[in-house]
Amino acid sequence: MKRLNDLLLGEQFTTFLVLTKKERRAKKNGEPYLALELSDVTNHMSGVMWDNLETVTAEAGQIVKVAGTVEEYQSQKQIRVDRMRAARDDDDVDLMQLVPSTPEDREQLWQRFQKMIESVAQPSLLALLRRMFAEESFVKDFCAVPAGKKWHHGYLGGLLEHTLNIAAICDRLAKIYPQVDRDLLVTAALLHDIGKVDSYTQGPMFEYTDAGRLLGHIVIGAQMVANKIAQFPEFPHELATKLQHLILSHQGALEQASPVVPMIPEGFLLYYADEIDSKMNAIERIYKKERAAGSRWSEYVNLLNRYLYIGEAKTGKD
């Protein structure tokens, strides 16, 4: 598959891309055309289609097979699309070339995740975790969905990577602060974002599901955990209440969509662990982008309310 970053001006090509935007517009003379945006794992590029518009049935969010030519428009590369159709089931499409994915080996991440589950000694919590992740189809989805759309871990396997990082941070924090319930904290870490399995699509574009928009991943996750706990009649009531509180409060503040704020020590640790991993992942993404552009400072980061200092470009001579 030809990748966007490899395309040269004037080059004619045929490849598979993700159609991220499709708008029908009109030229000054009234003739219609399509304004497009196309992407793969390396880049995104605008496109325009002047002719054969009636042949295009693909919609934004689909993988498409594109035949076209790379042109220049306003000093930027642009694709003049000659033909475009939705990808078919029998097409040889490599999703990993089109959709960002965790750099980690997902199978190894899942093995580490299972070990973290088995490190929980409290019988009720261990049984709950085992049952939560017992279904193969659910595990497959959990290992595939992103942890966010754009801000942090917005790629295939992002939820698995992020969740495991949070659990590892919480495990270490419990050693520093032995007064907290380590098993409760780690269990909450493993389950805190589980609602995202039903909140995001798995690509080729990461979008909210209807439930994700209407309910939010925190409420969905709390409901999922409550439903599983109901299958254990002997599950300690206070333990169940604390676990659900941790899930509901893990974003730390009402204005951050948490229905309640942390009110037990484990809640504060879970919130800060989540903050550490989400922000460090987002900052690393920003650094990679700005370094590639040769910038010493980032653009203003609205979600952090600041600029980030990138520093001097590395020369490879250090």
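Since this is a predicted model, take the numbers as computed values, not measurements.

Notes on the overall build of the protein
Item 1. For the protein, the count of helices and strands is nine helices and five strands.
Item 2. Moving toward the C terminus, one meets the helices and strands of the protein in the order β-β-β-β-β-α-α-α-α-α-α-α-α-α.
Item 3. Across the 318 residues that make up the protein, the buried fraction comes to 45%.
Item 4. If you sum the accessible surface of the protein, you get close to 17,500 Å²; carbon and sulfur atoms cover 49% of it.
Item 5. Of the side-chain charges in the protein, 38 are positive and 44 negative, and the distance between the mean point of each set is 4 Å.

Some thoughts on the side chain of Ser278
Item 1. Its place among the elements puts Ser278 in helix H9 (residues 265-292).
Item 2. Looking at Ser278, its side chain comes within polar contact range of the main-chain oxygen of Asp274, at 2.8 Å.
Item 3. When sequence neighbours within four positions are dropped, the list of residues in contact with Ser278 reads His152, His153 and His162.

Considering a nonpolar patch on the surface
Item 1. A surface patch of nonpolar side chains, amounting to about 480 Å² of accessible area, comprises Trp297, Tyr300, Tyr307 and Tyr309.
Item 2. You can see Tyr307 is positioned in the segment after H9.

A word on helix H8 (residues 237-249)
Item 1. Along its 13 residues, H8 runs 18 Å from first to last C-alpha, staying within 8% of the 18 Å computed at 1.5 Å per residue.
Item 2. Turning to H8, its buried residues are Leu239, Ala240, Leu243, His245, Leu246, Ile247 and Ser249.

Details of the nonpolar core
Item 1. Formed by 52 residues in total, the largest nonpolar core has its most connected members in Phe113, Leu128, Phe133, Phe142, Leu191, Val225 and Leu243.
Item 2. For this core, the elements supplying multiple residues, two or more each, are helix H1 (106-118), helix H2 (123-132), helix H3 (136-142), helix H4 (158-176), helix H5 (182-191), helix H7 (217-229), H8 and H9.
Item 3. The element that contributes the greatest number of residues to this core is H4, accounting for eight residues.
Item 4. Excluding its chain neighbours within four sequence positions, the residues that come into contact with Phe113 are Phe133, Phe142, Leu160, Thr163, Leu164 and Leu190.
Item 5. Leu36, Met49, Val64 and Ile79 belong to the second-largest nonpolar core, a separate cluster that totals 19 residues.

Quick notes on the sheet that holds strand E4 (residues 62-73)
Item 1. Taken together, the five strands give a closed barrel; going around it, the order is E1-E2-E3-E5-E4, and neighbouring strands pair in mixed fashion. With direction set aside, neighbouring strand axes in the sheet form an average angle of 50 degrees.

Structural notes on the pairing of E4
Item 1. With eight bridges joining them, strand E1 (residues 12-26) and E4 adopt antiparallel strand pairing. Each bridged residue has a counterpart across the sheet, and for Leu19 the counterpart in E4 is Gln62.
Item 2. Bridge count for E4 against strand E5 (residues 76-86) is ten bridges, and the pairing is antiparallel. Opposite Val66, over in E5, you have Met84 as the bridge partner.
Item 3. Where E4 folds back on E5, the antiparallel hairpin that results is connected by two residues, among which Gln74 adopts a positive phi of roughly 50 degrees.

Regarding H2
One full turn of an α-helix is made of 3.6 residues, so residues set three or four places apart face in the same direction.
Item 1. All buried positions along H2 are accounted for by Ser124, Leu125, Leu126, Leu128, Leu129 and Met132.
Item 2. Sitting at the amino-terminal end of H2 is Gln122, which places a side-chain oxygen 2.8 Å from the backbone nitrogen of Ser124.

Thoughts on the environment of Pro233
Item 1. In this structure, Pro233 sits in the loop between H7 and H8.
Item 2. Owing to a relative accessible area of 71%, Pro233 belongs among the exposed residues under this scheme.

The rules we used
- Within any chain, residue numbers begin from 1 and follow the written order of that chain's sequence.
- Two thresholds apply to this predicted model, a pLDDT of at least 70 for residue-level local features and 80 or more for giving and counting side-chain atom pairs, whereas whole-chain, interface and lining totals are computed over all residues.
- Side-chain descriptors were evaluated using all non-hydrogen atoms of the structure, hydrogens and water having been removed beforehand.
- A run of H or I in DSSP counts as a helix once it spans at least four residues, and a run of E counts as a strand once it spans at least two, with each numbered from the N terminus.
- For every residue, the accessible area (1.4 Å probe, protein chains only) is compared with the maximum for its type, and the residue is labelled buried under 20%, exposed over 50%, or partly exposed between those bounds.
- Note on areas: these come from Shrake-Rupley sampling with a 1.4 Å probe, and a residue is covered only by the protein chains present in the view.
- Neither His nor the chain termini are counted; the positive set is Lys and Arg, and the negative set is Asp and Glu.
- Note that the charge is assigned to NZ on lysines, CZ on arginines, CG on aspartates and CD on glutamates.
- Definition of a polar contact: a pair of N or O atoms within 3.5 Å, with one able to donate and the other able to accept a hydrogen when the atoms are protein atoms, and with sequence-neighbouring residues admitted only if both atoms are side-chain atoms.
- Contacts: residue pairs with any heavy atoms within 4.5 Å of one another.
- Only residues whose relative accessible area exceeds 30% and that take part in no salt bridge are eligible for patches, with like-charged residues grouped when within 9 Å of each other and nonpolar side chains (Val, Leu, Ile, Met, Phe, Trp, Tyr) grouped when within 5 Å.
- Put simply, a salt bridge is a Lys or Arg side-chain nitrogen that is within 4 Å of an Asp or Glu carboxyl oxygen.
- By this rule the span expected of a helix is its residue count minus one, scaled by 1.5 Å.
- The set of buried Ala, Val, Leu, Ile, Met, Phe, Trp, Tyr and Cys residues whose side-chain atoms join them within 4.5 Å is what this entry labels a nonpolar core.
- Two strands are counted as paired when DSSP detects at least two bridges linking them.
- Think of each axis as a best-fit line through the C-alpha atoms, taken over the contacting stretch in the case of a helix, with angles from 0 to 180 degrees between the N-to-C directions.

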